[in-house]
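Breakdown of the fold
These are the residues of each chain, in order.
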Amino acid sequence: MALTFAATPRTQHGAPPRPRGRRGRALRRNLTGWGFAGPATLLVIGLSIFPAVWAFFISRTKWNGIAPATGIGWRNYERIVQDPDAGAAAQHTLTLTVLFVPGSILLGILIAVALNQKIRLIGFYRTCIFVPYVASAAATGILASFVFNPQFGAANEVLRRLGLPAQGFLESSGQALLVICLIALWGEVGFCAVVYLAALQDIPKELVEAATVDGASRFRVFLHITLPELRPVTVFTAIWQTITAMQLFDLIYTTTRGGPMNSTQTVVYYIYELAFQTQRLGYGAALAYLLFAVTMLLTLLVFWYNRRNGTEAF
């Protein structure tokens, strides 16, 4: 009987080849992934991270964008505390945030509950609510300038027909910031409504049906079941809308330009004036970094508070 043996392939030195392990396959997958994600990553770094780091170095200088920069250390940050215009801008931004964030969340919940009903043309109504959010904020500001014009605006025309006195609106230092907040709500409430509408449709129907069988009214179901289920979404929208309010610029630029009498000058618009109108780039960059620090601190505080209470928003 002849015995045959399968020949084992050998390398040049006579040793059998090593089988390729999981590390080689993982390396190939990683290289392939970075091959696709690499260009986008470089774009993000080049257009966001690098300018942010560069702006930090600019914030420690005195520079007008033309002459060589002069290093002054932390003097720009110290000057912010003593700047009355920066304090007024911070107060206007805080007022706008306090009015805008709760208003957008409350209106978003109410509109979402209304749009969650089974009524005719519900798709049309949902589209109408979301269209202002998709529209350009600059276009919204320009349109609002005509609507709230004290001389020939549609808002004052309605007041005249109702026998009420005409208002200054965007030309009144006492009303302009409130009107800006109203315009911002009109443009941003669609986002909150869509987010809450998606969250409402994810609430288990068994909970609502069980509460209804037990005799709970619609209001009690909304208060004790719907609102607790919407809490993680509320955390997300609160953070998102706070950042939106603190960075509001385009509406102010297209309506009041910070006026009248700087009554609508927010921190972001003040940064724009410092950097691009008075060419105080170092001071403007320092104020921008301070705004970033405050926004980050508020976001972390909201995260900490809600995680402490057992709410996960992300």
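Residues numbered from 1 in each chain as written. Predicted model: local features only at pLDDT ≥ 70, side-chain atom pairs only at ≥ 80, totals over all residues. Heavy atoms only, no water.

**Observations regarding the overall build of the protein**
Looking only at helices and strands, one finds 13 helices and two strands in the protein. In summary, the protein has a C-alpha radius of gyration of 29 Å against a globular reference of 20 Å for 314 residues, an excess of more than 25%. With respect to the principal axes defined by its C-alpha atoms, the protein has extents near 120 × 75 × 35 Å. Evaluated residue by residue, the protein yields a buried proportion of 33% over its 314 residues. Sequence-distant contacts, at least 24 apart, represent 63% of the contacts inside the protein between residues at least 6 apart. Total accessible area on the protein stands at roughly 20500 Å², and carbon and sulfur atoms take up 66% of it. (Helix = DSSP H or I, 4+ residues; strand = E, 2+ residues; numbered from the N terminus. Rg over C-alpha atoms; globule rule 2.2 N^0.38 Å. Buried < 20%, exposed > 50% of the residue type's maximum accessible area, 1.4 Å probe, protein only. Contact = heavy atoms within 4.5 Å. Areas by Shrake-Rupley, 256 points an atom, 1.4 Å probe, with all protein chains shown as cover.)

**Some details on the environment of Leu 170**
The residue Leu 170 is located in the loop between helix 6 (154-161) and helix 7 (176-201) in this model. Owing to a relative accessible area of 9%, Leu 170 belongs among the buried residues under this scheme. Sequence separation between Leu 170 and Ile 58 is 112 residues; the distance between their C-alpha atoms is 35 Å. Residues in contact with Leu 170, not counting those within four places in the same chain, are Ala 144, Ser 145, Phe 148, Ala 176, Val 179, Ile 180, Thr 255, Thr 256 and Pro 260.

**Considerations on helix 12 (residues 267-276)**
Because each turn of an α-helix spans 3.6 residues, side chains separated by three or four positions in sequence point in the same direction. Within helix 12, eight of the 10 residues are buried, which leaves it mostly tucked inside the rest of the structure. Among all positions of helix 12, only Val 267, Val 268, Tyr 269, Tyr 270, Ile 271, Glu 273, Leu 274 and Ala 275 are buried. Next to the buried residues of helix 12 lie helix 3 (84-115), helix 10 (231-246), helix 11 (250-255) and helix 13 (281-308).

**Quick look at the pattern of salt bridges**
Under the definition given, this model contains two salt bridges. In this structure, Arg 160 engages Glu 157 in a salt bridge whose closest nitrogen and oxygen atoms are separated by 3.6 Å. In this pair, Arg 160 and Glu 157 are both assigned in helix 6, three residues apart and thus about one turn of the helix distant. Given a relative accessible area of 33%, Glu 157 falls into the partly exposed group. Salt bridges linked by common partners bring Glu 157, Arg 160 and Arg 161 together as one network. (Salt bridge = Lys/Arg side-chain N within 4 Å of Asp/Glu carboxyl O.)

**Let's talk about a nonpolar patch on the surface**
On the surface, Leu 42, Val 44, Ile 45, Ile 49, Phe 50, Val 53, Trp 54 and Phe 57 cluster together into a nonpolar patch covering about 830 Å² of accessible area. Assignment of secondary structure puts Val 44 in helix 1 (residues 22-58). You can call Val 44 partly exposed: its relative accessible area is 48%. (Patch = residues over 30% accessible without salt bridge, like charges linked within 9 Å, V, L, I, M, F, W, Y side chains within 5 Å.)

**Some remarks on the packing of helix 3 against helix 7**
Their axes nearest at 6 Å, the elements helix 3 and helix 7 cross at an angle of 40°. The orientation of helix 3 with respect to helix 7, classified from their angle, is oblique. By crossing handedness, the relation of helix 3 to helix 7 is classed as right-handed. (Axes fitted to C-alpha atoms, helices over the stretch in contact; angles between N-to-C directions. Parallel < 35°, antiparallel > 145°, perpendicular 65-115°, else oblique. Left-handed = near helix turned anticlockwise from the far one by under 90°.)

**Quick word on the nonpolar core**
In terms of nonpolar packing, the biggest core is built from 35 residues, with Phe 100, Phe 148 and Tyr 196 touching the most fellow members. Those elements that place two or more of their residues in this core are helix 3, helix 6, helix 7, helix 10 and helix 11. A per-element tally of this core places helix 7 first, with 13 residues. Setting aside residues up to four positions removed in sequence, Phe 148 forms contacts with Ala 155, Gly 168, Phe 169, Leu 170, Val 179, Leu 182 and Ile 183. Of all hydrophobic cores here, the second largest spans 14 residues; its members include Tyr 77, Ala 86, Ala 286 and Leu 291. (Core = buried A, V, L, I, M, F, W, Y, C linked by side-chain atoms within 4.5 Å.)

**A few points about the packing of aromatic side chains**
Tallied over the full model, the rule gives 19 aromatic pairs. Here the aromatic rings of Phe 56 and Tyr 289 are separated by 5.5 Å at their centres, their planes lie at 65°, and the arrangement is edge-to-face. One end of the pair, Phe 56, is in helix 1; the other, Tyr 289, is in helix 13, with 233 residues separating them in the sequence. The exposure class assigned to Phe 56 is partly exposed, which follows from its relative accessible area of 28%. Through a chain of ring-to-ring contacts, three or more aromatic side chains come together here, namely Phe 56, Phe 57, Trp 74, Tyr 77, Tyr 289 and Phe 292. Residue placement shows Arg 79 over the ring face of Tyr 283; its charged tip is 5.7 Å from the ring centre. Residue placement shows Arg 257 over the ring face of Tyr 253; its charged tip is 4.0 Å from the ring centre. (Phe/Tyr/Trp six-rings, centres within 6.5 Å; stacked < 30°, edge-to-face > 60°. Lys NZ or Arg CZ within 6 Å of the ring centre and 35° of its normal.)

**As for the confidence of the model for the protein**
When the pLDDT values of the protein are averaged, the result is 86; 92% of them are 70 or greater. Per-element mean pLDDT across the protein ranges from 83 in helix 8 (residues 205-213) up to 94 in helix 3. Predicted confidence for residues 1-8 stays below pLDDT 50, and this span has zero contacts to residues more than four positions away or in other chains. (pLDDT = per-residue confidence, 0-100.)

**A word on the environment of Leu 223**
Checked against the element boundaries, Leu 223 lands in helix 9 (residues 218-229). On the basis of relative accessible area, Leu 223 is assigned to the partly exposed category, the value being 39%. In this structure the C-alpha to C-alpha distance between Leu 223 and Ile 183, which are 40 residues apart in sequence, comes to 29 Å.

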